[in-house]
Amino acid sequence: NAGFDMLALALTKAAGEPLDTFFKRRIADPIGIDSRWMWGDFGLVNGMKINNGSGGQSKGICTSAENLARIGLLLLNNGYWNGTQLLSADWIAQATCPQSPANLPPYDPADWYTKFCGGYGFGFWVNGIRTSGKKMWPDAPDRTFAQIGKYNNVCFVIPEWDMVLVRMGADKVIDSARYTAVFAKLKSALI
């Protein structure tokens, strides 16, 4: 997560304002996210508040299911909201596809990170073929991606089904296999 924290620092410097302020003005207000959200921070760096770039140390973004669903709908609609382009569609497409192929050398089956190759984009879990040779969610469409946070809070975006699913949890265990049955039932109901 240190990489995301460094990205948050760089983005803060580029924006010239704290990321929570930037996010509120550029994304949250336009898509109708209400006041039930909070973005933790590290404190001040050279006089400017630096928000946490990852969810570590409980300093990530905390919000409601409705607000998270709005973010999912923005992503589902390729960054458009009420006819206005708020996020780059090209960035969304790139960020939500696998960024490291499952067979990327040096492959080491004992390495914790290696088992996620093929299943991660730029900050999004994606339904690519992983080192196991299987998709993360076998019954979900190929372009399915998710934001998965602390305490098993999840926002699935399923472009092929024009669907966003949000689950707010407090069980602290993220086991993607639990969603296999959910996707299987949705698939049989929709197809």
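Position labels on residues start from 1 in each chain and follow its written sequence. Under the rules for a predicted model, residues below a pLDDT of 70 receive no local features and side-chain atom pairs below 80 are neither given nor counted, while totals for whole chains, interfaces and linings still include all residues. To obtain the side-chain values, all non-hydrogen atoms of the structure were used and water was disregarded.

**Observations concerning the overall build of the chain**
Point 1. Per the convention used, a helix needs a DSSP run of H or I reaching at least four residues, while a strand needs a run of E reaching at least two, with both numbered from the N terminus. Assigned secondary structure in the chain consists of five helices and ten strands.
Point 2. We call a residue buried when its accessible area falls under 20% of the maximum for its residue type, exposed when it is over 50%, and partly exposed in between, using a 1.4 Å probe and counting protein chains only. By residue count, 39% of the 191 residues in the chain fall in the buried class.
Point 3. Of the contacts formed within the chain by residues at least 6 apart in sequence, a portion of 41% connects residues at least 24 apart.
Point 4. Note on areas: Shrake-Rupley with a 1.4 Å probe; residue coverage comes only from the protein chains shown. Accessible area of the chain: about 10,700 Å², with a carbon and sulfur share of 58%. Contacts were defined at the residue level, with two residues in contact if any of their heavy atoms lie within 4.5 Å.

**Concerning the nonpolar core**
Point 1. Put simply, buried Ala, Val, Leu, Ile, Met, Phe, Trp, Tyr and Cys residues joined by side-chain atoms within 4.5 Å make one nonpolar core. Counting residues in hydrophobic clusters, the biggest one holds 24 residues, and the most contacted among them are Phe-23, Ile-31, Ile-33 and Leu-75.
Point 2. Looking at this core, the elements with two or more residues in it are helix H2 (19-31), strand E1 (37-39), helix H3 (65-76), helix H4 (89-95) and strand E9 (153-158).
Point 3. Membership of the second largest hydrophobic core comes to 14 residues, among which are Trp-125, Phe-156, Ile-158 and Met-163.

**Focus: the packing of aromatic side chains**
Point 1. Aromatic contacts are taken between Phe, Tyr and Trp rings whose centres are within 6.5 Å, Trp giving its six-membered ring; a plane angle under 30 degrees counts as stacked, one over 60 as edge-to-face, and the others as tilted. A complete count under the given rule lists nine aromatic pairs for this structure.
Point 2. Seen in terms of ring centroids, Phe-23 and Trp-37 are 5.1 Å apart; in terms of plane orientation they differ by 75 degrees. Their pairing is edge-to-face. One end of the pair, Phe-23, is in helix H2; the other, Trp-37, is in strand E1, and 14 residues separate them in sequence.
Point 3. For Phe-23, a relative accessible area of 16% puts it in the buried group.
Point 4. Using a relative accessible area of 18% as the deciding quantity, one classes Trp-37 as buried.
Point 5. Relative to Phe-183, the ring of Phe-156 has its centre 5.0 Å away and its plane inclined at 90 degrees; by these criteria the two rings are edge-to-face. Taken together, the residues Phe-156 in strand E9 and Phe-183 in helix H5 (residues 179-190) connect sequence positions 27 residues apart. Assigned by exposure class, Phe-156 and Phe-183 land together as buried.
Point 6. Members of the aromatic cluster, joined through ring pairs, are Trp-137, Phe-156, Trp-161, Tyr-179 and Phe-183.

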